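# A look at the structure
If you want the building blocks of each chain, they are given just below.
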Amino acid sequence: MKLGKVIGVVWATKKVPQIHGCRLYVVQPILENGQDSGQPLVVADPKNIAAPGDRIVFVTNTDAAQAFDTGFAPVNASVVELVDDIA
Amino acid sequence: MIFAKVIGTVVSTSKDPNLEGKKLLLCKEVDHTGKPLNSYHVAVDAVQAGEGNFVLISYGSSARMTELTKNAPIDAVIMAIIDEVQITDPAKSAKKGTSEV
Amino acid sequence: MQLGKIIGQVVSTRKEGKVQGLKILVARYLDEHLQETGKTAACVDTVQAGVGDVVLLCSSSSARMTAMTQGVCTDNAVVGIVDTVSSGSKILYQKSDNR
Amino acid sequence: MFLARVKKKVVATEKHPAYHGKRLFVVKPVYPDGREKGTDNEWIAVDYVGAGIGDIVVCGGAPGVAKEVFDLELAPIRTLIMAIVDHVDYRDI
């Protein structure tokens, strides 16, 4: 899992049924000190946790599908937590 | 997921039975501003995409997680057609001028 | 999937149990303009491809999803022989009959 | 699996149901002698062993591991803190 910052929204009307109603964000991976780390990527938000501007924790690869109620969705990354603070 | 632009089609007759009836599209990877990156994918189309479309591709084992691609030897699938990418952080949006998509 | 061109075959007498009897081909990766790149890969053949064919290469765990490669320790498989690649009205590649 | 140092705690109220009651830490991979591996190298890991800030830990995970150890239906969890390291015996090569 990694830390990221939501920097944008991807609008898509035509998508596979598994991700209907799920928002897709452009996320910039960041370090704990707020510094950017690597290239932005698209992250799904199945539980509607995040909003643009938020710091989040996201999970990648096979485990990303587990964030959906069905455990079955063609996504490579999912939001799992909204970060309040890092102490 | 990665951003991509559909640039062509791939036709194959002798292929794995699990690939039959699936449309294969040639997709160039781009970044969120539409700038072409240095890689491409041949992806199975799950959303009736066409040439010129700006799409999202899911890759690796996640690509098998649609009804269409379940249990098929597919490692890239087009799972959404993008209408718009809205970047809220002005410092990040389209640094290189206008989008090419 | 990636596009590749078959440039040879791997001959090996001692192979892991399930790999035995499978043809392992050497493919050179092609870019989106069908130009050869410097990278090559060894991949299990599932569609009787031959040297010179342009093929579809499937990687990672998806490579084990064909009838032939189920449960086989491979992470790269040839899953199709490409006939045509076109971009708009432009034909980028057309398979010739007399290969 | 990799060796890492626990750096900070991530505080969150809104989370995926699988994360309820779990502690998250920022961990940085380290060499056996405790030096950090690069500056741009940082992971978020779910605590399974009761680690604290400053500890050297063993982190890792594979698809499905979290599902098993936490006995959950769905677990979008990849990186786990699996062990707290007392000391590392190693030889420089």
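Use the structure listed above.
Okay, so let's go over this structure. (Residues numbered from 1 in each chain as written. Chains lettered and ligands numbered in written order. Predicted model: local features only at pLDDT ≥ 70, side-chain atom pairs only at ≥ 80, totals over all residues. Heavy atoms only, no water.)

## Quick notes on the pairing of strand 1 (residues 2-15) of chain B
Where strand 1 of chain B lies against strand 4 (residues 54-59) of chain B, four bridges are found, and the strand directions are antiparallel. Counted as the bridge partner of Ile2 of chain B is Ile57 of chain B from strand 4 of chain B. Strand direction decides the pairing type here: strand 1 of chain B and strand 2 (residues 24-30) of chain B, joined by seven bridges, are antiparallel. Each residue of the ladder has a partner; that of Lys5 of chain B, found in strand 2 of chain B, is Lys28 of chain B. Pairing analysis gives five bridges linking strand 1 of chain B to strand 5 (residues 76-87) of chain C, with the strands arranged antiparallel. In the strand pairing of strand 5 of chain C, Val11 of chain B is matched with Thr84 of chain C. (Pairing = 2+ DSSP bridges. Helix = DSSP H or I, 4+ residues; strand = E, 2+ residues; numbered from the N terminus.)

## Details of a nonpolar patch on the surface
All names here are of chain D. A cluster of nonpolar side chains, Tyr48, Val49, Val69 and Ile84, forms an exposed patch at the surface whose accessible area comes to about 300 Å². With respect to the element layout, Ile84 can be found in strand 5 (residues 80-84). The partly exposed category is assigned to Ile84, whose relative accessible area is 35%. (Patch = residues over 30% accessible without salt bridge, like charges linked within 9 Å, V, L, I, M, F, W, Y side chains within 5 Å. Areas by Shrake-Rupley, 256 points an atom, 1.4 Å probe, with all protein chains shown as cover. Salt bridge = Lys/Arg side-chain N within 4 Å of Asp/Glu carboxyl O. Buried < 20%, exposed > 50% of the residue type's maximum accessible area, 1.4 Å probe, protein only.)

## Remarks on the interface of chain B and chain C
Between chain B and chain C, the residue contacts involve 29 residues of the former and 29 residues of the latter. Buried area between chain B and chain C, both sides added, is near 2200 Å², and the carbon and sulfur share of it is 47%. Considering only the side of chain B, the residues that lose the most area to chain C are Tyr40, Pro73 and Asp75 of chain B, jointly responsible for 27% of the buried surface there. Glu32 of chain C is the partner of Lys28 of chain B in a salt bridge, and the nearest nitrogen-oxygen pair spans 2.4 Å. The interface formed by chain B and chain C includes 19 residue pairs in polar contact (both at pLDDT 80 or more). Taken together, the elements giving at least two residues each to the side of chain B that touches chain C come down to strand 1, strand 2 and strand 3 (36-45) of chain B. By residue number, the principal contributor to the side of chain B that touches chain C is strand 1 of chain B, which donates nine residues. (Contact = heavy atoms within 4.5 Å. Buried area = accessible area lost by both parts, 1.4 Å probe. Polar contact = N/O pair within 3.5 Å; in protein donor to acceptor, adjacent residues only side chain to side chain.)

Function-wise, these values are silent; they only describe arrangement.
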